[in-house]
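Now for the letters of each chain:
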Amino acid sequence: MKLKFLLLLLIPTLCLAQDKFSKIDSLLSYYERSNEWMGSVAISQDGKIAFEKAYGFADVDKKIRADKNTVYKIGSITKTFTAAITFQLIEEGKLDLNTKLSKFYPQIPNADKISVAHLLGHRSGLFNYTNDSVIVSKFKEPITQKQMVDQITSYQSVFEPGTRSEYSNSNYYLLGLIIENLTKKSYAKNLDDRIIKKLKLKRTAYREKPTTNQAFSYNNFGGKWSKEEPWNDSFAFAAGAISGTASDLTIFMKALFDGQIINQESLAEMKKVEDGYGRGIFAIPFYDKKAYGHTGGIEQFASMLSYFPNEKISLSMLSNAKGENNNDIAIGILSLMFDKPFEFPTLEKVAVDTKILKSYEGTYSSSTFPLKLTIVESNGQLTAQASGQPSFTLTTTSETEFLFRQANLKLVFSKDKITMSQFGNSYEFTRE
């Protein structure tokens, strides 16, 4: 079980007006001034950029401000590009959805049962290599493709292929290798020839080294930005190593749905949803509207891309700072755009003595919640980690109350106990 991250977007009939963009700009500037967010936002309508602006710094230390040309790592939005190239190969007759992984990597467990469709839709049962703490500890070092394949081969299957869906970066790493195998060209070359040049994307690329206008990623410790050391992109590869700008991403999504990259039959296959997963994109329904898109995260970069086919609207949000959650900001943007009730959030933090924070450290378990919670004090803030999940930083609202807004989560501490509230549910934890 995972803590749920929800994106609740309300999309009525669209009518873009300049005063709405002024309000959106005010909201994003508010997050920036509060040291809660840095990044870039682009909104397109009918394929034309209607709003585009960057906030904060590309390089805090050198005081280089971000602008619309600043390049951000987009993380798992890379998977949408990888899926599109895979469907191009299917259209070319080099591959089909039923092609088995055993054709390329017979040594991988269940390879004779895992199809290309399973890889695309996260239905392979392959263990997600980014859940391996040993691998994660080496993300800043280069790794060869053979080493990664050997690593994926060493894991036991999580479930029988095709029986359910579970997100795994291993799927898209292997799809990238299959693309290279079939074309005899690098993934980067395929990306460049098949998508970037075709769409004339100016600043999107698969990069293994930083480029000019590249943003660095930052964590927020005690209200100050701390630079994150870059990961080596050989780990992310076709699952998450593309960088680009917000406006480029809106162009890409419009072209994908307009048939400029793959045909409509392939797009229909890409949009098929099983257990909540499409094939390189996710479906996001809102009342009588529906969007498609993907999110991403790498280092402290966070990204979100959505496209509403009926309205021909695309929203791209790229951030290089781990502060406020992109989902909450997206809710604000779209609420302002579509005249929905919205109040600016309260972002002020409360300073609490380190001794008090230290007193909350420990591992807590609950008889009604399947995961344990580990609480640690670091740099004047509490971090929490559920069993098998990434750690997350809590916002201090009082000496006993802490929030993780990204997941609508509140923790209230008392002597050796935590009361956790999320989405109307409450759980009691006791320190072990």
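Above this text you will find the structure in question.
Attention in this report is confined to the structure presented alongside it. (Residues numbered from 1 in each chain as written. Predicted model: local features only at pLDDT ≥ 70, side-chain atom pairs only at ≥ 80, totals over all residues. Heavy atoms only, no water.)

## Some points on the packing of aromatic side chains
For step 1, the next point in the chain: In the structure shown here, the tally under the stated rule is 22 aromatic pairs.
For step 2, the next point in the chain: Seen from their ring centres, Tyr-277 and Phe-282 are 5.5 Å apart, and the 50° between their planes marks the pair as tilted.
For step 3, the next point in the chain: For Tyr-277, a relative accessible area of 18% puts it in the buried group.
For step 4, the next point in the chain: Taken together, a centroid distance of 6.0 Å and an interplanar angle of 80° make the contact between Tyr-360 and Phe-402 edge-to-face. One end of the pair, Tyr-360, is in the loop between helix H12 (354–359) and strand E15 (362–365); the other, Phe-402, is in strand E20 (residues 401–404), with 42 residues separating them in the sequence. Comparing Tyr-360 with Phe-402, the two get one shared label, buried. (Phe/Tyr/Trp six-rings, centres within 6.5 Å; stacked < 30°, edge-to-face > 60°. Buried < 20%, exposed > 50% of the residue type's maximum accessible area, 1.4 Å probe, protein only. Helix = DSSP H or I, 4+ residues; strand = E, 2+ residues; numbered from the N terminus.)

## Details of the pairing of strand E16 (residues 373–378)
For step 1, the next point in the chain: The two faces of E16 differ: Leu-373, Ile-375 and Glu-377 on one face are buried, but Thr-374, Val-376 and Ser-378 on the other face are not.
For step 2, the next point in the chain: In terms of strand pairing, E15 meets E16 through 3 bridges, oriented antiparallel. Paired with Gly-362 across the strands is Ile-375, a residue of E16.
For step 3, the next point in the chain: Between E16 and strand E17 (residues 381–386), which pair antiparallel and follow one another directly, the connecting turn spans 2 residues, one of which, Asn-379, has a positive phi of 55°. (Pairing = 2+ DSSP bridges.)

## Considerations on the pairing of strand E12 (residues 301–308)
For step 1, the next point in the chain: The element E12 is extensively covered by neighbouring structure, given that 7 of its 8 residues are classed as buried.
For step 2, the next point in the chain: Connecting strand E11 (residues 289–298) to the antiparallel partner E12 that follows it, the hairpin turn spans 2 residues, and Glu-299 within it adopts a positive phi of roughly 50°.
For step 3, the next point in the chain: With 7 bridges connecting them, E12 and strand E13 (residues 313–319) associate as antiparallel partners. Bridged to Ser-303 within E13 is Leu-318.

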